[in-house]
4 protein chains.
Amino acid sequence: MEVKLLSHTPEPERVVATAARLCYAPQAAAEVWSGFTPDKQQEFIGKLASYGLFSPFEHVVFTFAIAGVSRALSHQLVRHRIASYSQRSQRYINEAAFAVVVPPTVAADPAAREEFARIIGQIQDGYNRLTALGIPKEDARYLLPNACQTQLIMTMNARSLLHFFSLRCCRRAQWEIRELAWKIRREVFKVAPLLFREAGPACLSQGKCSEGAMTCGQPYKREDVNTEH
Amino acid sequence: MEVKLLSHTPEPERVVATAARLCYAPQAAAEVWSGFTPDKQQEFIGKLASYGLFSPFEHVVFTFAIAGVSRALSHQLVRHRIASYSQRSQRYINEAAFAVVVPPTVAADPAAREEFARIIGQIQDGYNRLTALGIPKEDARYLLPNACQTQLIMTMNARSLLHFFSLRCCRRAQWEIRELAWKIRREVFKVAPLLFREAGPACLSQGKCSEGAMTCGQPYKREDVNTEH
Amino acid sequence: MEVKLLSHTPEPERVVATAARLCYAPQAAAEVWSGFTPDKQQEFIGKLASYGLFSPFEHVVFTFAIAGVSRALSHQLVRHRIASYSQRSQRYINEAAFAVVVPPTVAADPAAREEFARIIGQIQDGYNRLTALGIPKEDARYLLPNACQTQLIMTMNARSLLHFFSLRCCRRAQWEIRELAWKIRREVFKVAPLLFREAGPACLSQGKCSEGAMTCGQPYKREDVNTEH
Amino acid sequence: MEVKLLSHTPEPERVVATAARLCYAPQAAAEVWSGFTPDKQQEFIGKLASYGLFSPFEHVVFTFAIAGVSRALSHQLVRHRIASYSQRSQRYINEAAFAVVVPPTVAADPAAREEFARIIGQIQDGYNRLTALGIPKEDARYLLPNACQTQLIMTMNARSLLHFFSLRCCRRAQWEIRELAWKIRREVFKVAPLLFREAGPACLSQGKCSEGAMTCGQPYKREDVNTEH
């Protein structure tokens, strides 16, 4: 899995702070903007988060190139509707040599790994035989497995990212989208630490688990997640 | 493929007409509502469509149970973001005996059909062997093909449906989602003919193709599509 | 302020329960639907809420006619973007005899009340003089006050309503939109008590305040709010 | 009215071209990105527009500081739901010396202008008397007129902007939001001419009016609008 931050709103923290401040300040936007020193940004954004005022976080967006993920993941990912996606099309691109994502539980078990590889090989052969018979790519792809790798460009604003992290960084989330969520979190934390320092599941953002009886019992700690890159 | 209209806003045409009329009328909503005879609804909704005023169409929604469609279709379907979806989960449901959608081009070619069935059979065996080895369902599903049948409940408002039909009823749309779009159109036309009589690709809604050089050259005719059920 | 539930998805609780159950059940939707007795609906919807699974709540919508509210309220209301609105237009409707919303603090103070009424009267005269001078309604309305009454038809799904109630039913919300939120809550609780019995600010839905140092100190109690109509 | 482009996605045309190309290209995103010379971007984006493929336009956003506009405008503006807004609050900011937007029809007529100014003056006095009587700002504001100036920060993606321009740049749109739409169009055209050269009402984007019998008869010409700044 590769996650590359392709582009993002410049000076994201200043944009969020300015947008938020504008609601309560008599000054003009330009004045608010120029008055926001990094120190003041930090103080102000901290307050926003503590009051649960996240609408100004919508003004900054982050665009990622995501590769080496499965179609199982992408089907789940695009359910996050407050975001934009452009995805590699199996209708138009020949998948004669598709790559796959192997689940860790499969990779860890020699018998399962061999079986998995064998079936993938047969799917590959079947796909190629169908296209050789003249079946259009868009129909041959009906054989392709969820494991098939795909590639996307995704743009999400900071507020929607916070929601995404709250669901998908949790240890109870499905492993592949959880890995993606953490990779994305690392990227955005690098460029906008003030916006994302409390981002994550409830153990990080609220200081206590929200999963009730389903809790994993292993809360993340902010000092761990914000320094590991 | 089965499409069942599970539920919808009662009196959808009266709701749309009332919402639209309220913007321009000094009367109270209740009075507008009770004053809308079917004849007046017809005249008024016709005007809305001719002026391109579709926002009142958002007030009515239609909920469908959709079954016997592929995961290829569902991945494409859920990209329509102004809608709500609940989908059968491959993480939680055992797919030991999954059914598949066979593309017509495959079904029509004996060699392709046989090859397709053979590979599906091997995937089925592989999935079952993995779960027998103790691999969790959520990981064994990485073998499952796009052809695997799924089931969804989808709710979409009439404005979003008009957009969906404009893209997916077109002869140039992918065959499976096009079949779904037409089945849905038939269902909603039955219960709200005034809202949907011009619904469809540009050949139906605008009277001329919007595909330029890619045109199929076979425009739909309103008299055909609105009577075929 | 008048709030009338104009229309809603029939059998809203059954729709939500069916949509949610479909994700985890091998049965067909029709079978899930018919198997949901009221008792089972109650048990199942209770579980959804306790796990924080609210996406199935999107499948049911409620349409309201709202009248006698101010333009101050409507400007705030339409910021809730996951909803549909049709609003009385000040561009097209003559406001020669507009009515106003009087804030309780003004109504309670004789001097303020008199001053308020006097200014409103002058605005009314000014509006009429402008239109008499040939100024178009859409420009004369620039004089109209925030207090001016408006009328809307609004459609919101149950998930978006839960969010709306969490913000606007709170004692710290602005008084007019809070009154609206409670009136709406009463209406939807009548027709879908299972969906809305915990709806409201954090004191109701979570059992504890989320406002931190800004808490009002007067938590709502479920037994009060769910029986008062 | 002041419109300042506060921030935007860097290299917006390259982002759109890369996202669109990724759907149909076997290469990795990074390779697609680096391969897009300005000439190729121009050719490729031209094709997207001609095919009506606008979803890649969602990946780039533009953030504006908007000042000196009326609350009549802002109430209309925020109805565009695929956008983010932060607006100066009349609940929290003292409007003891509010400024107003004067409609051109009023400004052009001495009697109307005088009447308008007189009423605004009385509203101002009334607002100040109410606050002097101890009425909270959030209630005194019920007197404030639609003409009252406000300030917003707005973020909108390029696809949503195209839709906004199609409705609001039209000569039949209300004059104030039309002025705003053109000012915004000029700003984005400066930094992303390939994305916006056909942006505007149907006379610009489609080459023919979509208003039917309501046509203004004065179509905009691309060579005029794209050079006037």
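Since the model is a prediction, treat every value here as computed from it, not as a measurement.

## A word on the overall build of chain A
Summing up its helical and strand segments, chain A has twelve helices and four strands in all. Along the first, second and third principal axes, the C-alpha atoms of chain A reach 70 × 40 × 25 Å. Each of the 229 residues in chain A was classed as buried or not, and the buried ones make up 57%. A sequence separation of at least 24 residues applies to 73% of the contacts in chain A between residues at least 6 apart. Counting every atom, chain A has about 9,000 Å² of accessible surface; 51% of that belongs to carbon and sulfur. Side-chain charges in chain A split into 28 positive and 22 negative, and the spacing between the mean points of these groups amounts to 3 Å.

## Thoughts on the relation of the copies chain D and chain C
Rotating chain D by 180° about the axis while translating it 0.0 Å along that axis superimposes it on chain C, leaving an RMSD of 0.0 Å. Seen this way, the second copy is the image of the first under a two-fold rotation axis. Relative to the rotation axis, the C-alpha of Pro145(D) is the closest in chain D, positioned 2.0 Å from it. A shared binding surface is used by both copies, with 100% of the interface residues of chain D retained as interface residues in chain C.

## Quick notes on the pattern of salt bridges
For the coordinates displayed, the defined rule picks out 43 salt bridges over all chains. A salt bridge links Arg91(A) to Glu138(A); the shortest N-O distance between them is 2.6 Å. Here the residue Arg91(A) occupies a position in the loop between strand 3 (84–87) and helix 5 (104–107), and Glu138(A) occupies one in helix 7 (residues 137–140), the gap between them amounting to 47 residues. For Glu138(A), a relative accessible area of 18% puts it in the buried group. Residue Arg14(D) pairs with Glu11(D) through a salt bridge whose shortest N-O separation is 2.9 Å. Among the charged side chains, a salt-bridge network with shared partners connects Glu58(A), Arg159(A) and Arg81(C).

## Some details on the interface of chain D and chain C
When the parts of a complex come together, some accessible area is lost, and that lost area is often taken as the interface size. Listed by partner, the interface residues are 50 residues for chain D and 50 residues for chain C. Carbon and sulfur atoms make up 55% of the area that chain D and chain C hide from each other, which totals about 4,100 Å². For chain D, the biggest contributors to the area lost against chain C are His75(D), Tyr142(D) and Asn146(D); these three give 19% of the whole. At the boundary of chain D and chain C, one finds two salt bridges. In this structure, Arg129(C) and Glu115(D) form a salt bridge, with 2.7 Å as the shortest nitrogen-oxygen distance. When residues of the side of chain D that touches chain C are traced back to their parent elements, those giving at least two are helix 4 (71–77), strand 3 (84–87), helix 5 (104–107), helix 6 (110–132), helix 7 (137–140) and helix 9 (175–191) of chain D. The dominant element in the side of chain D that touches chain C, judged by the number of residues it contributes, is helix 6 of chain D, at 13 residues.

## Section: the environment of Tyr92(C)
Relative to the helices and strands, Tyr92(C) resides in the loop between strand 3 (84–87) and helix 5 (104–107). Taking C-alpha positions, Tyr92(C) is 6.9 Å from Glu138(C), a pair spaced 46 residues apart along the chain. Once residues within four sequence positions are removed from consideration, Tyr92(C) is found in contact with Tyr24(B) and Lys137(C).

## Digging into unusual backbone geometry
All names here are of chain A. Backbone geometry places Glu11, a non-glycine residue, at a positive phi of 50°. When you line up the elements, Glu11 lands in the loop between strand 1 (2–8) and helix 1 (12–22). For Glu11, a relative accessible area of 45% gives the class partly exposed.

## Concerning empty space enclosed by the protein
Summed over all chains, the structure comprises two cavities of 30 Å³ or more. In this structure, the largest cavity spans a volume of roughly 40 Å³. Forming the boundary of the largest cavity are Arg71(A), Ala72(A), His75(A), Asn146(A), Arg71(B), His75(B) and Asn146(B). Secondary-structure elements contributing two or more residues to the lining of the largest cavity are helix 4 (71–77) of chain A together with helix 4 (71–77) of chain B. At three residues, the largest contribution of residues to the lining of the largest cavity is made by helix 4 of chain A. When its residues are assigned to classes, the lining of the largest cavity shows one nonpolar, four polar and two charged. Approximately 30 Å³ is the volume attributed to the second largest cavity. Along its surface, the second largest cavity is lined by Arg71(C), His75(C), Asn146(C), Arg71(D), His75(D) and Asn146(D). Of all the elements in the fold, those that place two or more residues in the lining of the second largest cavity are helix 4 (71–77) of chain C together with helix 4 of chain D. Residue composition of the lining of the second largest cavity, by class: no nonpolar, four polar and two charged.

## Concerning the sheet that holds strand 4 (residues 149–157) of chain B
All names here are of chain B. The four strands are arranged 1-2-4-3 in an open sheet whose pairing can be described as antiparallel. The outermost strands of the open sheet, each flanked by one partner alone, are strand 1 (2–8) and strand 3 (84–87). Neighbouring strand axes in the sheet, compared pairwise and without regard to direction, differ in orientation by 20° on average. Across four bridges, the pairing between strand 3 and strand 4 is antiparallel. Counted as the bridge partner of Gln87 is Leu152 from strand 4. Contacting strand 2 (61–70) and strand 4, helix 8 (residues 158–168) crosses the sheet at an angle of about 125° to strand 4.

## So, the confidence of the model for chain A
Of all residues in chain A, 99% have pLDDT values of 70 or greater, and the mean over the chain is 95. What the predictor reports for the complex is a pTM of 0.97 with an ipTM of 0.95.

## Some details on the packing of helix 1 (residues 12–22) of chain B against helix 3 (residues 38–51) of chain B
The relative placement of two packed helices is expressed as an angle between their axes plus a distance between the axes. Residues and elements named next belong to chain B. Two elements in contact, helix 1 and helix 3, have axes whose closest approach is 10 Å; the angle formed by their N-to-C orientations is 65°. For the element pair helix 1 and helix 3, the recorded crossing hand is left-handed. Residues Glu13, Arg14, Val16, Ala17, Ala20 and Arg21 of helix 1 form the contact with helix 3, whose participating residues are Gln41, Phe44, Ile45 and Leu48.

## Considerations on the pairing of strand 2 of chain B
Residues and elements named next belong to chain B. The buried fraction of strand 2 is high, at ten of ten residues. Strand direction decides the pairing type here: strand 1 and strand 2, joined by six bridges, are antiparallel. Bridged to Lys4 within strand 2 is Ala65. When strand 2 meets strand 4, the two strands line up antiparallel, connected through nine bridges. When the bridges of strand 4 are listed, Val61 appears paired with Asn157.

## Some points on the relation of the copies chain B and chain A
For the match of chain B to chain A, the screw axis carries a shift of 0.0 Å, the RMSD comes to 0.0 Å, and the turn is 180°. Comparing contact sets, 100% of the residues at the interface of chain B also lie at the interface in chain A, consistent with an isologous, same-surface contact.

## Examining the interface of chain B and chain A
Between chain B and chain A, the residue contacts involve 50 residues of the former and 50 residues of the latter. Among the residues chain B hides against chain A, the three largest losses belong to His75(B), Tyr142(B) and Asn146(B). Together they make up 20% of the total. For the interface between chain B and chain A, the tally reads two salt bridges. For the pair chain B and chain A, the interface holds 28 residue pairs in polar contact (both at pLDDT 80 or more). At the level of elements, helix 4, strand 3, helix 5 (104–107), helix 6 (110–132), helix 7 (137–140) and helix 9 (175–191) of chain B are the ones that each hand at least two residues to the side of chain B that touches chain A.

## Overview of helix 9 of chain B
Residues and elements named next belong to chain B. For helix 9, built from 17 residues, the straight-helix expectation of 24 Å at 1.5 Å per residue is met to within 8% by its first-to-last C-alpha distance of 25 Å. Turning to helix 9, its buried residues are Trp175, Glu176, Ile177, Leu180, Ala181, Trp182, Ile184, Arg185, Glu187, Val188 and Phe189. The residue sitting at the N-terminus of helix 9 and contributing the capping side-chain oxygen is Gln174; that oxygen lies 3.2 Å from the backbone nitrogen of Glu176.

## A look at the domain arrangement of chain A
Here the domain parsing of chain A yields domain 1 (2–85 + 150–225) and domain 2 (104–146). Distance between the C-alpha centres of domain 1 of chain A and domain 2 of chain A: 36 Å.

## Quick word on the sheet that holds strand 4 (residues 149–157) of chain A
Pairing between the strands of a sheet is mediated by backbone hydrogen bonds and can be parallel or antiparallel. Strand order in the open sheet made by the four strands is 1-2-4-3 (chain A), with antiparallel pairing throughout. Two strands close off the open sheet at either side, each with one partner strand: strand 1 and strand 3 of chain A. Across the sheet, the mean angle separating the axes of adjacent strands is 20° when strand polarity is ignored. Docked against the sheet, helix 1 (residues 12–22) of chain D engages strand 1, strand 2 (61–70), strand 3 and strand 4 of chain A, running at close to 145° with respect to strand 4 of chain A.

Reading the values: the criteria
Each chain has its residues counted from 1, running along the sequence as written. Ligands are numbered from 1 and chains lettered from A, in the order in which they are written. Where local features are concerned, this predicted model is filtered to residues with pLDDT of at least 70; where side-chain atom pairs are given and counted, the filter is 80 or more; whole-chain, interface and lining totals use all residues. The basis for every side-chain value is the complete set of heavy atoms in the structure, and neither hydrogens nor water enter the calculation. Helix and strand assignments follow DSSP, with helices taken as H or I runs no shorter than four residues and strands as E runs no shorter than two, numbered in order from the N terminus. Think of it in three bands: residues with accessible area under 20% of the maximum for their type are buried, residues over 50% are exposed, and the middle band is partly exposed, with areas taken using a 1.4 Å probe on protein chains only. Contacts: residue pairs with any heavy atoms within 4.5 Å of one another. The method behind every accessible area is Shrake-Rupley, applied with a 1.4 Å probe, and residues are considered shielded solely by the protein chains displayed. The charged-residue count follows a simple rule in which Lys and Arg add positive charge and Asp and Glu add negative charge, with His and chain termini not counted at all. Think of each charge as sitting on NZ of Lys, CZ of Arg, CG of Asp or CD of Glu. For the least-squares superposition of copies, only C-alpha atoms count, and only for residues with pLDDT at least 70 in both. Salt bridges, as used here, are contacts in which a Lys or Arg side-chain nitrogen is within 4 Å of a carboxyl oxygen on Asp or Glu. Two parts placed together each lose some accessible area under a 1.4 Å probe, and adding up what both lose gives the buried area. For each structure, a 1 Å grid was placed over the protein atoms alone; sets of points admitting a 1.4 Å probe that cannot get out are labelled cavities, open sets with protein on both sides within 12 Å along at least five of seven lines are labelled pockets, and lining residues have an atom within 4 Å of a point. Grid points are joined across faces, edges and corners, and a volume is the space filled by probe spheres set on the points. Gly is placed with the polar residues, together with every amino acid not listed as nonpolar (Ala, Val, Leu, Ile, Met, Phe, Trp, Tyr, Cys and Pro) or charged (Asp, Glu, Lys and Arg). In this description, strands pair whenever DSSP reports at least two bridges between them. An axis is simply a line fitted to the C-alpha atoms; with a helix, the fit covers only the stretch in contact. Between two such axes, the angle follows the N-to-C directions and lies from 0 to 180 degrees. What pLDDT conveys is the predictor's confidence in a given residue, as a value from 0 to 100. With the far helix as reference, a near helix turned anticlockwise by less than a right angle produces a left-handed crossing, and one turned clockwise produces a right-handed crossing. We define a polar contact as two N or O atoms separated by no more than 3.5 Å, with the added condition that, inside protein, one atom must be a possible hydrogen donor and the other a possible acceptor, whereas residues neighbouring each other in sequence contribute only through side-chain atom pairs. The span one expects for a helix is its residue count, reduced by one, times 1.5 Å. As annotated, the domain borders come from an automatic or database domain assignment.

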